[in-house]
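# Residue-level structural notes
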Amino acid sequence: MELIMGHAHRSVLAFASARSSCFLKNCLCLRTLSAPRTAQFHKTTLFRNRADGEDDSLSLSSIGFKCQVETGKKGTIVEIENVSTAKKISPSKVKTARTSLAKQSTMKSVQGIEGAPFAAKSFSDLGLSPLLIDRLEKEGLTVPTDVQSAAIPTISQKHDVVIQSYTGSGKTLAYLLPILSQIGPFKYPTEDDRSEQKPGIEAVIVAPSRELGMQIVREIERLLGPANKKLVQQLVGGANRSRQEEALKKNKPAIVVGTPGRISEISAAGKLHTHNCRFLVLDEVDQLLSFNYREDMHRILEHVGRKSGAKPSGVLSPLTRRTERQTILVSATVPFSVIRAARSWGSNPLIVRAKSVQPLDSVSIPSNAPSVSTSDANSSSSSVTQGAIDSLPPALKHYYSVSKLQHKIDTLRRCVHALDAKAVIAFMNNTKPLKDAVFKLEARGMKAAELHGDLGKLARSTTLKKFKNGEIRVLLTNELSARGLDVPECDLVVNLDLPTDSIHYAHRAGRTGRLGRKGSVVTICEEPETFVVKKLRRQLGIAIQPCEFKEGKLTIGEEEKTEN
Ligand SMILES: Nc1ncnc2c1ncn2[C@@H]1O[C@H](COP(=O)(O)OP(=O)(O)OP(=O)(O)O)[C@@H](O)[C@H]1O
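Residues numbered from 1 in each chain as written. Predicted model: local features only at pLDDT ≥ 70, side-chain atom pairs only at ≥ 80, totals over all residues. Heavy atoms only, no water.

Inclusion rule: UniProt positions are given in the numbering used here, feature names are shortened, and annotations may be inferred rather than shown by experiment.
Naming follows an unreviewed UniProt entry, where the protein chain appears as RNA helicase of Asparagus officinalis. The UniProt entry for the protein chain carries the following text under Catalytic activity (unreviewed entry): "ATP + H2O = ADP + phosphate + H(+)".

## Details of the layout of surface pockets
Filter applied, for reference: Throughout, the protein atoms alone are placed on a 1 Å grid, and a set of points is a cavity if a 1.4 Å probe fits but cannot get out or a pocket if it is open with protein on both sides within 12 Å along at least five of seven lines; lining residues have an atom within 4 Å of a point. Grid points are joined across faces, edges and corners, and a volume is the space filled by probe spheres set on the points. Starting at the N terminus, helices and strands are each numbered in turn, a helix being any DSSP run of H or I of at least four residues and a strand any DSSP run of E of at least two. Following the grouping adopted for this structure description, the nonpolar residues are Ala, Val, Leu, Ile, Met, Phe, Trp, Tyr, Cys and Pro, the charged ones are Asp, Glu, Lys and Arg, and the polar ones are all others, Gly among them. Each domain's limits were defined by an automated method or a database of domain assignments.
As a volume, the second largest pocket reaches approximately 930 Å³. Looking at the second largest pocket, it is lined by 37 residues, and the ones nearest its centre are Gly-170, Glu-219, Arg-222, Asp-486 and Arg-514. Secondary structure elements with two or more residues in the lining of the second largest pocket: α4 (106–111), α7 (171–182) and α10 (210–224). The element that contributes the greatest number of residues to the lining of the second largest pocket is α10, accounting for six residues. Looking at the lining of the second largest pocket residue by residue, the classes come out as 13 nonpolar, twelve polar and twelve charged. Split by domain, the residues of the lining of the second largest pocket number at least three in each of domain 1 (123–192 + 199–311 + 320–380) and domain 2 (392–563).

## Side note on the UniProt feature "domain: Helicase C-terminal" (unreviewed entry) in the protein chain
With numbering matched to this structure, UniProt assigns "domain: Helicase C-terminal" (unreviewed entry) to residues 411–555. A helix fraction of 37% and a strand fraction of 22% characterise residues 411–555, whose end C-alpha atoms lie 13 Å from each other.

## With respect to the pairing of strand β5 (residues 232–235)
Put simply, the test is: The rule is simple: take the accessible area with a 1.4 Å probe, protein chains only, and divide by the maximum for that residue type; under 20% is buried, over 50% is exposed, in between is partly exposed. When DSSP finds two or more bridges between a pair of strands, those strands are recorded as paired. Throughout, right-handed denotes a crossover for which the path from the first strand over the helix to the second runs clockwise when the strands point away from the viewer.
The two faces of β5 match: Val-232 and Gln-234 on one face and Gln-233 and Leu-235 on the other face are all buried. One ladder, built from four bridges, connects β5 with strand β6 (residues 255–258); its direction is parallel. Its bridge partner being in β6, Leu-235 is matched across the sheet by Gly-258. Note that the unit made of β5, helix α11 (residues 241–251) and β6 has a crossover that is right-handed.

## Comments concerning the sheet that holds strand β4 (residues 203–206)
This is how it is decided: Every axis corresponds to a line fitted to the C-alpha atoms, with the helix fit spanning only the stretch in contact, and the corresponding angles, defined between N-to-C directions, vary from 0 to 180 degrees. Here a residue-residue contact requires only that any non-hydrogen atoms of the pair lie within 4.5 Å.
The eight strands are arranged β5-β6-β4-β7-β8-β3-β9-β10 in an open sheet whose pairing can be described as mixed. Either end of the sheet is taken by a strand with one partner, and the two such strands are β5 and β10 (356–359). Averaged over neighbouring strand pairs, the angle between their axes works out to 15° when direction is ignored. The pairing of strand β3 (residues 161–164) with strand β9 (residues 350–353) spans three bridges and is classified as parallel. Directly across from Val-162, in β9, lies its bridge partner Ile-351. Along the sheet, α11 contacts β5 and β6; its crossing angle with β5, the most-contacted strand, is approximately 160°. Along the sheet, helix α12 (residues 260–268) makes contact with β4, β5 and β6, crossing β4 at roughly 140°.

## Comments concerning the domain arrangement of the protein chain
Accessible area lost upon the coming together of the parts is a frequently used measure of interface size. Test applied: Definition used for salt bridges: Asp or Glu carboxyl oxygen within 4 Å of a side-chain nitrogen of Lys or Arg. Polar contact criterion, stated in full: a pair of N or O atoms within 3.5 Å, where within protein one must be able to donate a hydrogen and the other to accept it, and residues adjacent in sequence count only if both atoms are side-chain atoms.
On domain assignment, one finds that the protein chain holds domain 1 (123–192 + 199–311 + 320–380) and domain 2 (392–563). Tallying the contact residues gives 25 residues for domain 1 and 21 residues for domain 2. The tally of links between domain 1 and domain 2 comes to three salt bridges. Put simply, Arg-460 and Glu-211 hold a salt bridge, and the shortest N to O gap is 2.8 Å. Here domain 1 and domain 2 share nine residue pairs in polar contact (both at pLDDT 80 or more) between them. For the side of domain 1 that touches domain 2, the secondary structure elements donating two or more residues are α10 and α13 (285–288). Examining the composition of the side of domain 1 that touches domain 2, we find that five residues originate from one element, α10, more than from any other. Tallied by class, residues from the side of domain 1 that touches domain 2 come to six nonpolar, 13 polar and six charged.

## Some points on helix α17 (residues 408–419)
How we decide: Helices are assigned an expected span. That span is 1.5 Å times one less than the residue count.
Given a rise of 1.5 Å per residue, twelve residues ought to cover 16 Å, and the 16 Å separating the end C-alpha atoms of α17 matches this to within 8%. Of all the positions in α17, only Lys-408, Ile-409, Thr-411, Leu-412, Cys-415, Val-416, Ala-418 and Leu-419 are classed as buried. The first or second residue beyond α17 is Asp-420, which carries a positive phi of 50°.

## A look at the site of the ligand
What counts is decided by this rule: Working definition: residue near molecule or strand if any one of its non-hydrogen atoms lies within 4 Å of it. Methods summary: accessible areas were calculated by the Shrake-Rupley approach with a probe of 1.4 Å, and residue burial reflects only the protein chains presented. Put plainly, a molecule is in a cavity or pocket when over half of its atoms are within 2 Å of the grid points there.
Around the ligand sit 24 residues, and of these Gln-148, Gly-168, Lys-171, Thr-172 and Asp-486 come closest. Contact distances for the ligand include 2.5 Å between an oxygen atom and a side-chain N or O atom of Asp-486. When the free accessible area of the ligand is taken as 640 Å², the share hidden by the protein chains comes to 93%. Placement of the ligand is best described as lying within the second largest pocket. Elements represented by at least two residues in the shell around the ligand include exactly α7 and α10. Among the elements that make up the shell around the ligand, the one with the highest residue count is α7 (three residues). For the shell around the ligand, the class distribution of residues is nine nonpolar, eight polar and seven charged.

Given below as structure tokens:
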């Protein structure tokens, strides 16, 4: 929990900070209890594991910890206040707090979500357009998550921001809602109102994959409703480009969502006019910073509005004709490269997390931190570790199981049965073995399918649809699906090949346990690879327990005393 002192809030913050450190101490206590102590192999059943999981799924919100975000003037601190005490919590208090929270949150009971990271606020407390709030209610969305409670007022106050919060915590709506509140039908409901509206594209949202881009488009369409859904246009790669250009001309969208290559291609062809754009969102920004996207991202940053605070040098300056934009960078993992980028692309940016909002300037960057995305293979490990901290949902269970290479698929099958998983995403690093794995699983009667970049757009979207419908039980995929993909039903993630670093582990793992749901992550590795798992465990600060799958049950071993 990070709090920075603003002059006006010093005393409140000192108080909150004392509570925070108390809470941190409690966290440390819990962690110490679960820390590796003995090498003895301790057997337990899945039943026992699930019962344990009940308590482990506690989040701050699930024990009644509320956060209040008061946004200050640009450049000043935005503070939070913990309204519950952070002393050691007895099981009975946890039960009481859970019961009262369950009463508060109808959303949760409707969706059957336990331990969801909701803040105890309603969307109407966050200054959104009343029409948008009505729309949210119609969609069954009434209670904002913690990160939404923190981000919505901050973005509405026109700050440039970096939003960092763990996977599945609702970051998409955290930036979409304040944007939608200020443009299109929610801001200008009548024809008369619309005369005030500036023509042209008002928001550009960039995502690294087609799937994620389309997922964001669908979320916006859902909120706009059928009558207004043409106000958003997808510009993702792999789709027909001339059709996209025609739609831009005909529908005059207010929002475009796309992949860097396609957006920059259409912009370079003079078919996308974004000089008056007020919002630029880079979702999964740490991936967008990687070398592959450098030229496209450069063009996008140059042509979408004008960086906030950038003063035109004279009347003839090209900047005079451009609207000042807000730059919103989003990811569960924020390595130093993102912090550096946010400082150069925006003015006085703030970093928004679930329980805090603070100036980015308060985050110090070591002089040896790499300048490109740290999720690249050549990144320094300390920077990767820093970037991956707090990126995982607290309720996730992490295991690893040692298997010979030739038995991995069989181990996967036993793992799925033992955990009784209904929707499984299994990650592999190469396409050929991935196809073989699908074949083997199908041959053993388990419904499986492949999803990777070699498939066409239609095949990819059909497979994804079938997986979401439950027609496919195991989706074998590669890094393509690690980022942003939201399949709430996914209850198990399996690493059949090891991820390259802790950031990749975090994004893969985050495909399950979304929005407070339960989920398990199992890494199936060969004996000589176990040191990598232990390194991940250390870097991420999570327990990844050794396990076996025998007689249809999960058997958990205790973590080793000494780590590599
Ligand atoms: N306030 C809310 N009430 C109910 N459901 C919500 C709320 N906010 C978000 N959701 C749902 O929660 C799920 C996860 O949200 P989202 O995909 O935005 O998470 P994320 O933090 O962006 O995850 P990732 O880091 O993996 O991209 C989605 O299905 C979304 O529709």
